[in-house]
Protein chains: 2
Amino acid sequence: MIRPGYLFWSGNRAGPEPENARMSAAEPQIDPKARQESVADAALRQVSEPDSQVVVFPEDQPLRLDSGRDIGPFTIAYRTYGTLNSDKSNAILICHALTGDQHVANTHPVTGKGGWWETLVGPGKPIDTDRFFVICSNILGGCMGSTGPASKNPATGRPYGVEFPVITIGDMVNAQARMIDHLGIGQLFSVIGGSMGGMQVLQWCARYKDRVLTAMPIATAPWHTAQNIAFHEVGRQAVMADPDWQGGAYYGTQARPSRGLAVARMAAHITYLSEKALQDKFGRGLQNRDQHSFSFDADFKIESYLRHQGSTFVDRFDANSYLYITRAMDYFDLEAEYGRLANAFTGTRTQFCVVSFTSDWLYPTRDNKEIVKALNGVAANVSFVEIESDKGHDAFLLREDVFSATVNGFLNAAAKKRGIA
Amino acid sequence: MIRPGYLFWSGNRAGPEPENARMSAAEPQIDPKARQESVADAALRQVSEPDSQVVVFPEDQPLRLDSGRDIGPFTIAYRTYGTLNSDKSNAILICHALTGDQHVANTHPVTGKGGWWETLVGPGKPIDTDRFFVICSNILGGCMGSTGPASKNPATGRPYGVEFPVITIGDMVNAQARMIDHLGIGQLFSVIGGSMGGMQVLQWCARYKDRVLTAMPIATAPWHTAQNIAFHEVGRQAVMADPDWQGGAYYGTQARPSRGLAVARMAAHITYLSEKALQDKFGRGLQNRDQHSFSFDADFKIESYLRHQGSTFVDRFDANSYLYITRAMDYFDLEAEYGRLANAFTGTRTQFCVVSFTSDWLYPTRDNKEIVKALNGVAANVSFVEIESDKGHDAFLLREDVFSATVNGFLNAAAKKRGIA
């Protein structure tokens, strides 16, 4: 008899961490036994009581969305690091990626792991919090304290679910701009982000030209391609196929669409890593066994790794947020919005540094070069760096010396020019 | 209110075929309204009453599997085309891919579409059925008449489900060899197949050296890489996450894991096409609308296409077969089986023609070259052709002149040498 191998939602997930469970070894481990309950509960708490600063925009100051709908009241949860200088010239906004959040450089309140960009952000690091005032907000639509589908819909008193309006990258950026207004900052010294964070950077530069002195769009694209949309659609269908999704109204029930969301995460995760990275790290290596089990167990290390990625993700992330954020990314198309991509940047005085990674097949160098080409088309100040890496898309989250030096060099030069000590 | 976009299992699937639903326009369409009931019923009938020739190996002639288990009785369903000549020297075995079957060059009994390799196989075609006796059998583990998980387990009288033994590519090939014995054929003039079919070709050449005069492994690999396994594992988890899977014992119940299998198919389908093929065919084109719906509907053509691929697949294919066959592919590793890949071919006298396609990222040229390298390592007679195509892995199933000419040229020359009229 074959033992079915659907381990990750069968209650077995408090088992030992797969040997190669994480590509990055830098982060501390939380107790896996304690995780199952506490992580999911802690994640749910963050929706309404985030371990963050928050700003609440009242009902009479709604946000007009790109869809034409208004949302209000709405909350933006954010973290800051360092000190804003007296002329407010040293603020850097960091924009997070699909499953990231505002906890850039502090211990994560849900997972207990380190901040997602501690490789780059902190005292003495390339984005030096001794020098810059670093801000990161949870995106609109997220699940870490900013208003999203898990938040209470004031019209019904229940969580929004699929009553939440479909949002865009532009909406996320408009909400961030309101938060930056709230902080009393006119111009940002820099806006920096990778992947979906890079899309926000581009959208900032298009919509708020005078408010962005320098910009670093990293490992990103000016539009989502058919293949990008295809992978996201698979993930959304996996979530919505899960009966526990319940048409999005799973909040307060005993069930959540964890199985569907885990499958979505597994599929997406493959796109974050290069073929070579997977092969070098896992190859055909077997997990805790010498030979094939002739079953559907996780015989291979790569299977075990993916299942682990799926099961840990669902504890910390809201499935509806996943649907809304992937949709926003799929809608992203600066060329369509401005007629011609270059038009998005007409008149820009922002200084750009565009960064791509050689083995990134999700947003390959080609896509990043489209940005550079458009910026060149309006005679913008732009430098472009393609960094040699075999780590795939996730390279921007990993320790990589040339990347660190690039960020450091770009910001140093610009800070000197701007007169930041 | 957002209308949830999980259209493909909500009873809406008898709707209009998406404009760009199929990459290949050559196949006739069956009536989509009649499809939903009849295709699933017809598919189920094929398990026990296939529209094929069959050979049944009785219980006292079981097949010893690579796992060490025996299976018996077992049935192999197959189709033949053309006539076996008097000295039985003109037989070509075609090996099908993951979701293919024995219906290479005739109307498919379930879908009503043309045979899956009608571009290559037929009278006057590169694999000329006026000249060659062409055989194709449904693989062991399949669902089109050969014994698989949907077949009746003689020990229980019920369908096997997950009681079916986990099989390998080697087991498929051993079962084929028994079928070839049954036909009274000693040596095959050629063994030809693409993708998983190519893996079977390689396994034939390794296990039955004297029985293969020529061989064409196409768009294939000598082992499954970590990324290959990763995509399959996502698909398996999608199936097993579907509550309708019922631990594999869904036969005879009202439910089948159609939602999970559709998600699996959608994810896999992305890997069959190149990024460029998707972009050229679909790009960011919208499906039956002028602007974004701001919902989870299939706004984009690519979404509609993928949903269609998912929904039509589940009608014709058994979910458990999908689990077993993907597992067999993941286990495939000729290097591990023989210690060194070249050892698999030691002493071979087979003449090989290895074919790859430039834009195939599932089994890229690199993997196919490993086969060539190993064959060169034992001084085998091997030619290698890399065909320029932007269609991705599925190029081997599409009309492609250089590919047709390659197959035609290779077989012609070998037939002349062998004295086949």
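On a predicted model such as this, the values are computed, not experimentally measured, just so you know.

S.K.: For helix α4 (residues 226-241) of chain B, give the residues involved together with the corresponding values.
M.R.: Taking 1.5 Å per residue, 16 residues should reach 22 Å; α4(B) reaches 22 Å between its end C-alpha atoms and fits that length. Of all the 16 residues making up α4(B), 16 are buried; the element is thus mostly covered by neighbouring parts of the structure.

S.K.: Give a detailed account of unusual backbone geometry, specifying residues and quantitative values.
M.R.: Most of the time, phi is negative for any residue but glycine, and the peptide bond is trans. Residue and element names in this part refer to chain A. Note the cis peptide between Gly 72 and Pro 73, where omega equals -5°. Here Asn 288, not a glycine, exhibits a phi torsion of approximately 55°, which is positive. For Asn 288, the position within the fold is in the loop between α6 (275-281) and α7 (301-316). Judged by the 12 C-beta atoms lying within 10 Å of it, Asn 288 falls in the exposed class.

S.K.: Please set out the relation of the copies chain A and chain B residue by residue, giving values where relevant.
M.R.: The operation relating chain A to chain B is a screw motion whose rotation component is 180°, with 0.0 Å of axial translation and a residual RMSD of 0.0 Å. In short, the pair behaves as if placed about a two-fold rotation axis. With an isologous cut-off of 70% or more, the 100% of interface residues of chain A that recur at the interface of chain B puts this contact in the isologous class.

S.K.: Tell me about the pairing of strand β9 (residues 188-194) of chain A, and name the residues and values.
M.R.: All names here are of chain A. In terms of burial, β9 is largely enclosed, as seven of its seven residues are buried. When strand β5 (residues 91-95) meets β9, the two strands line up parallel, connected through four bridges. Each residue of the ladder has a partner; that of Leu 93, found in β9, is Val 191. When β9 meets strand β10 (residues 212-218), the two strands line up parallel, connected through six bridges. Directly across from Gly 194, in β10, lies its bridge partner Ile 218.

S.K.: Outline the pairing of strand β11 (residues 351-357) of chain B, supporting the account with residue identities and numerical values.
M.R.: Residues in a regular strand point their side chains to alternate faces of the sheet. Residues and elements named next belong to chain B. Burial within β11 is extensive, with six of its seven residues counted as buried. In this sheet, β11 lies alongside strand β10 (residues 212-218) in parallel orientation, the contact comprising three bridges. By the bridge assignment for β11, Ile 218 is matched with Val 355. Sheet topology note: the β11/strand β12 (residues 381-387) ladder contains seven bridges and is parallel. Paired with Cys 353 across the bridge in β12 is Ser 383.

S.K.: Please give an account of the packing of helix α4 (residues 226-241) of chain A against helix α5 (residues 258-272) of chain B that cites residues and values.
M.R.: Interaxial distance between α4(A) and α5(B) falls to 10 Å at its minimum, and their mutual angle equals 170°. Taken together, α4(A) and α5(B) sit at an angle that is classed as roughly antiparallel. Here A:Gln227, A:Ala230, A:Phe231, A:Val234, A:Gln237, A:Ala238 and A:Ala241 of α4(A) come into contact with α5(B), specifically with B:Arg259, B:Gly260, B:Val263, B:Met266, B:Ala267 and B:Ile270. Class assignment of the residues belonging to the contact of α4(A) with α5(B) gives a composition of nine nonpolar, three polar and one charged.

What counts and what doesn't
Residues numbered from 1 in each chain as written. Chains lettered and ligands numbered in written order. Predicted model: local features only at pLDDT ≥ 70, side-chain atom pairs only at ≥ 80, totals over all residues. Helix = DSSP H or I, 4+ residues; strand = E, 2+ residues; numbered from the N terminus. Expected span 1.5 Å × (residues − 1). Buried ≥ 20, exposed ≤ 12 C-beta atoms within 10 Å, placed from the backbone. Least-squares fit on C-alpha atoms with pLDDT ≥ 70 in both. Contact = placed C-beta atoms within 7 Å. Pairing = 2+ DSSP bridges. Axes fitted to C-alpha atoms, helices over the stretch in contact; angles between N-to-C directions. Parallel < 35°, antiparallel > 145°, perpendicular 65-115°, else oblique. Nonpolar A, V, L, I, M, F, W, Y, C, P; charged D, E, K, R; others polar.

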